[in-house]
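Analysis of the macromolecular model
If you want the building blocks of each chain, they are given just below.
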Amino acid sequence: MNVGPRFLAHFSRLTVGAALLTAGLLHAQQPAANAPQSSPIGQPVTTAPIDPAIAGALQQVSPDSIKAIITKLVSFKNRSTLSSMETDLPPGTGINAAADWIESEFKRYSDACGGCLEVKRDEFIEPPGTGPNARITKPTKLTNVYAILRGTDPAQANRKVIVTGHYDSRNSDNFNTHDPAPGANDDASGTAVSLESARVLSKLKFPSTIIFLTVAGEEQGLDGSRHFAKLAKSEGWDLEAVLNNDIVGGDTTPGATGADKSAVRVFSEGVPGPATLDQLHEIQTIGAENDSPARELARAIVDIDLTYFHPTSQRLSAGTPAGQPHNMAMKMTPAFHPVMIFRRDRFGRGGDHTSFANEGFAAVRFTEWLENFNHQHQTPRTENGTEFADDIKYDDFNYIANVARLNSATLGTLASAPGQPQKVAVLNPPYDTRTTLRWEKPGGFPAGATFEVVYRDTDQPNWTSVIPVGDVTTIAIPISKDNVIFGVRSVDAAGHRSAAVYPIPPPRTRPVPGTTPTPAPSD
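Residues numbered from 1 in each chain as written. Predicted model: local features only at pLDDT ≥ 70, side-chain atom pairs only at ≥ 80, totals over all residues. Heavy atoms only, no water.

Here we take up the pattern of salt bridges. Opposite charge on two side chains lets them pair, provided their charged atoms get close. By the definition in use, this model includes 28 salt bridges. Here Lys230 ties to Glu359 by a salt bridge, and the two come within 3.1 Å at their closest N and O atoms. With Lys230 in helix α7 (residues 223–234) and Glu359 in the loop between α10 (353–358) and β12 (363–368), this residue pair connects regions lying 129 residues apart in the sequence. Taking relative accessible area as the criterion, Lys230 reaches 45% and is therefore assigned partly exposed. Look at Glu359 and you get buried, because its relative accessible area is 14%. Between Arg299 and Glu296 there is a salt bridge, with its nearest N and O atoms 3.0 Å apart. Placement of the pair is Arg299 and Glu296 together in helix α9 (residues 293–308), with a separation of 3 residues, close to one helical turn. Of the two residues, Arg299 and Glu296, neither departs from the other in class, the shared state being buried. (Salt bridge = Lys/Arg side-chain N within 4 Å of Asp/Glu carboxyl O. Helix = DSSP H or I, 4+ residues; strand = E, 2+ residues; numbered from the N terminus. Buried < 20%, exposed > 50% of the residue type's maximum accessible area, 1.4 Å probe, protein only.)

Rendered as structure tokens:
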């Protein structure tokens, strides 16, 4: 089974289909039930219905619980990955103590749900790096700690989604394993999102599998996540989504401006990391630079947010004594929302989702709206009145709780939705102003599930229109593929939606230079 992006896998799979299409045999071999269906123009995209179970879990996300997690992680003083090899650390400090505590928390959550979580360690020895800038200079033990909530549907349990954060920290000196490195925001905040998501979602059951992961070695070069991503690839995991949370503390610095506590950035790569030169050329040719699996995952997160987060309002006169003049003005508070950032990560920087992207999985990064670099990778100190420290006092636990709610809503929705449509293809050639799409059902497609074709104008970031097509796998649409971007997604009977899949055309049907173009068929 190819567990790389379906986006890239289409190219090789459709070669045979293209030959059949050219020979005029493809349509004849389609079962009658899959014959192209005419479709009306789409309707505006609307929000999916609320899942009461997921909504209930989101209400259980607690800022106090998140504060307790971060407080405990900070108490380990210095969670440098390199401290795993130290023998002179005070008891209860260092990264090994942190790993043991995270494992105990996962087990505590599992006990509360009757043993529903499988708690595991991915422990290995990272070899020393080479060169003058190596950040690991001797064989070093790394430990990733994770918990698995197995899917309850045997036909869908192999599908997986992951939430992760890195629990290691560092101060100004990469090799300093003893002085304080609290790492309250970078990345105890992301670790807290993974743990809190496990606490609230473990009380529910989903047809497919959720993995709650915490990794080490991020600060030394994404070592822990790289090992785990390679493990997933080598074992053939059907991993549909990776949500990486790194620096989601909502930094609150007195006097600072520019932060938006209603927004979290979601970074997603536009071109899949493992793409070959031929695939890069094909992506460029069909204009698919903005529709990688990671980018479609980011759009799914936006869609899910609209279901579970809404603006609130408050009358300014609230609390005014009876008989006194009342101000009729309303204060509107925007909904907490993701903002898609169309790049893999922050400018020139990287995170653990990159490890999964490099193995062909759809992976995104959540990060607060505006970082404060005085509060990252700093040995705690004060210079000229400026405090340098990644201290817990700068974390906003209500903000982190909202990030955890958005992650949990995304995990719960994707774990409930059917699998993504497979082998999604555009059948008709460029010289045709119509669009004919074909796809295959994913494994374990549940009874009552259907498909939707979504589309948007080429200059729009999100899906704007939808065509419900029912339980068919081929559709003819009277819309030019030159003017819009299409996607196909699965929807179950309760309204849970998969991420959309971008359709890939068969190999070139455009003319070879110096030849006469073949006219589009008429009918």
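Let us look at the state of the cysteines. With the rule as written, the count across this model stands at 1 disulfide. Here Cys113 is linked by a disulfide to Cys116, with a sulfur-sulfur distance of 1.8 Å. Because the torsion about its S-S bond is -80°, the bridge between Cys113 and Cys116 counts as left-handed. (Disulfide = S-S within 2.5 Å.)

This part is about the sheet that holds strand β7 (residues 238–245). One open sheet accounts for 8 strands, arranged β3-β4-β6-β5-β7-β12-β8-β11; its pairing is mixed. Edge strands, defined here as strands with exactly one partner in the open sheet, are β3 (117–126) and β11 (337–341). In this sheet, adjacent strand axes meet at a mean angle of 25° when their direction is disregarded. The sheet contact formed by strand β5 (residues 159–166) and β7 spans 6 bridges and is parallel. (Pairing = 2+ DSSP bridges. Axes fitted to C-alpha atoms, helices over the stretch in contact; angles between N-to-C directions.)

By themselves, these observations are geometric and do not establish any function.
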